[in-house]
Amino acid sequence: MNFGLHILAVQTVPQEKGGGLGVPIEIVAAMVLACALLTATVLLLSRYKRRRDAMLLREWSARERMQELCPDGWSARILLYGDGAPLPDDAPSAGERHVCVEWTEYEHDQAGHTDVAVARRMWSRTIAGALRGMLADRELDVELEKIERKVIEDSTEGGETSPPAAGPRGTTDR
């Protein structure tokens, strides 16, 4: 037992008089700095993770929406052009639009063959903007297809889709 007390007495640091910690101020400052850097790193990484998760969520929702809008299939290719890279002829001339999305909608014919129904290219400043533009473009196509079907249905039934633009039929105002 005496041996255990001796080891304990050797390991005990003598306390300073006047209430000091017994640790140099440089070590305390280094520990405070290390804790601050660790906290900043954790906060920055969690912020980056939230932003990355939001980007992935937007990408997956764009994929799901395009699948709803193109039930027979679709494909998209995103192209990024750096400064000084040669751009295609249809690229916009205004400044910062160096992100291109090329998307294709497919349709199946009666024989079961897959053909290209629509192929488009559009430009944006960001990848997220290109995906939003692709979705907006396809949603506009869907609305126009609905209007076209309505016009065809109304014209085959003998009805009119809108009032005449030139006034009542058979009259001339001239």
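Treat the numbers as computed from the prediction; the structure is a model and nothing was measured.

A.B. asks: So, helix 3 (residues 127–156): which residues are in play, and what are the values?
C.D. replies: In this model, helix 3 (30 residues) spans 43 Å end to end at C-alpha, consistent with the 44 Å of a helix rising 1.5 Å per residue. Those residues of helix 3 not exposed but buried are Gly129, Ala130, Leu131, Gly133, Met134, Leu135, Arg138, Asp141, Val142 and Asp154. With a side-chain oxygen positioned 2.9 Å from the backbone nitrogen of Gly129, the residue opening helix 3 is Thr126.

A.B. asks: Could you give an account of the pairing of strand 2 (residues 99–108), with specific residues and numbers?
C.D. replies: Look at any regular strand and the pattern is simple: side chains alternate between the two faces of the sheet. Burial within strand 2 is extensive, with 7 of its 10 residues counted as buried. Examined bridge by bridge, strand 1 (residues 74–80) and strand 2 share 7 bridges and lie antiparallel to one another. Bridging from a neighbouring strand, Arg77 pairs with Glu102 of strand 2. In textbook terms, the turn of a hairpin is the stretch between consecutive antiparallel strands, and for strand 2 and strand 3 (residues 114–124) this stretch comprises 5 residues, one of which, Gly112, has a positive phi near 90°.

A.B. asks: Mind laying out a nonpolar patch on the surface, listing which residues take part and the relevant values?
C.D. replies: Judged by side-chain polarity, Val23, Ile25, Ile27, Val28, Met31 and Val32 come together as a nonpolar surface patch covering roughly 550 Å² of accessible area. Locating Val32 in the fold gives a position in helix 2 (residues 25–69).

A.B. asks: Go over the layout of surface pockets, please, and point to the residues and values.
C.D. replies: Taken as a whole, the largest pocket holds about 400 Å³ of empty space. Arg58, Glu59, Ala62, Ile127 and Leu131 are, among the 18 residues lining the largest pocket, the residues nearest its centre. With 8 residues, the single largest contributor to the lining of the largest pocket is helix 2. Looking at side-chain class alone, the lining of the largest pocket contains 11 nonpolar, 1 polar and 6 charged residues.

A.B. asks: Give a description of the side chain of Asp141 that names residues and reports values.
C.D. replies: Its place among the elements puts Asp141 in helix 3. Residues contacting Asp141, with those up to four places away along its chain left out, are Trp103, Val118 and Arg120.

A.B. asks: How would you summarise a negative patch on the surface if you had to cite specific residues and measurements?
C.D. replies: A surface patch of negative charge is lined by Asp72, Glu107, Asp109 and Asp115. Within the secondary structure, Glu107 is located in strand 2. Judged by its relative accessible area of 40%, Glu107 falls in the partly exposed class.

A.B. asks: Report on the pattern of salt bridges, specifying residues and quantitative values.
C.D. replies: Within this structure, the stated rule accounts for 13 salt bridges. For Glu102, the salt bridge goes to Arg77, with nearest N and O atoms at 2.4 Å. Taken together, the positions of Glu102 in strand 2 and Arg77 in strand 1 put the pair 25 residues apart, joining distant regions of the chain. Sharing partners across several salt bridges, the network here consists of Glu105, Arg120, Asp137, Arg138, Asp141 and Glu145.

A.B. asks: Can you explain the nonpolar core? Please cite residues and give values.
C.D. replies: Within the largest apolar cluster, 13 residues are counted, with the highest numbers of intra-cluster contacts made by Met66, Leu69, Trp103, Met134 and Leu135. Every element with two or more residues in this core is listed here: helix 2, strand 2 and helix 3. Considering each element in turn, this core owes the most residues, 5 residues, to helix 3. Aside from chain neighbours lying at most four places away, what touches Met66 is Trp74, Trp103, Met134, Leu135 and Arg138.

A.B. asks: Can you tell me about the sheet that holds strand 3, naming the residues and giving the values?
C.D. replies: If you trace the 3 strands from one edge of the open sheet to the other, you get 1-2-3, paired in antiparallel fashion. Edge positions in the open sheet fall to strand 1 and strand 3, since each of these has one partner strand only. On average, each strand axis in the sheet is inclined to that of its neighbour by 15°, with strand direction left out of account. Bridge count for strand 2 against strand 3 is 10 bridges, and the pairing is antiparallel. Paired with Glu105 across the two strands is Val118, which belongs to strand 3. Sheet strands touched by helix 3: strand 1, strand 2 and strand 3. Its angle to strand 2, the strand with the most contacts, is close to 35°.

Rules and cut-offs
Residues numbered from 1 in each chain as written. Predicted model: local features only at pLDDT ≥ 70, side-chain atom pairs only at ≥ 80, totals over all residues. Heavy atoms only, no water. Helix = DSSP H or I, 4+ residues; strand = E, 2+ residues; numbered from the N terminus. Expected span 1.5 Å × (residues − 1). Buried < 20%, exposed > 50% of the residue type's maximum accessible area, 1.4 Å probe, protein only. Polar contact = N/O pair within 3.5 Å; in protein donor to acceptor, adjacent residues only side chain to side chain. Pairing = 2+ DSSP bridges. Patch = residues over 30% accessible without salt bridge, like charges linked within 9 Å, V, L, I, M, F, W, Y side chains within 5 Å. Areas by Shrake-Rupley, 256 points an atom, 1.4 Å probe, with all protein chains shown as cover. Salt bridge = Lys/Arg side-chain N within 4 Å of Asp/Glu carboxyl O. 1 Å grid on protein atoms, 1.4 Å probe; cavity = no way out; pocket = protein on both sides within 12 Å on 5 of 7 lines; lining within 4 Å. Points joined across faces, edges and corners; volume = space filled by probe spheres on them. Nonpolar A, V, L, I, M, F, W, Y, C, P; charged D, E, K, R; others polar. Contact = heavy atoms within 4.5 Å. Lys, Arg positive; Asp, Glu negative; His and termini not counted. Charge placed at Lys NZ, Arg CZ, Asp CG, Glu CD. Core = buried A, V, L, I, M, F, W, Y, C linked by side-chain atoms within 4.5 Å. Axes fitted to C-alpha atoms, helices over the stretch in contact; angles between N-to-C directions.

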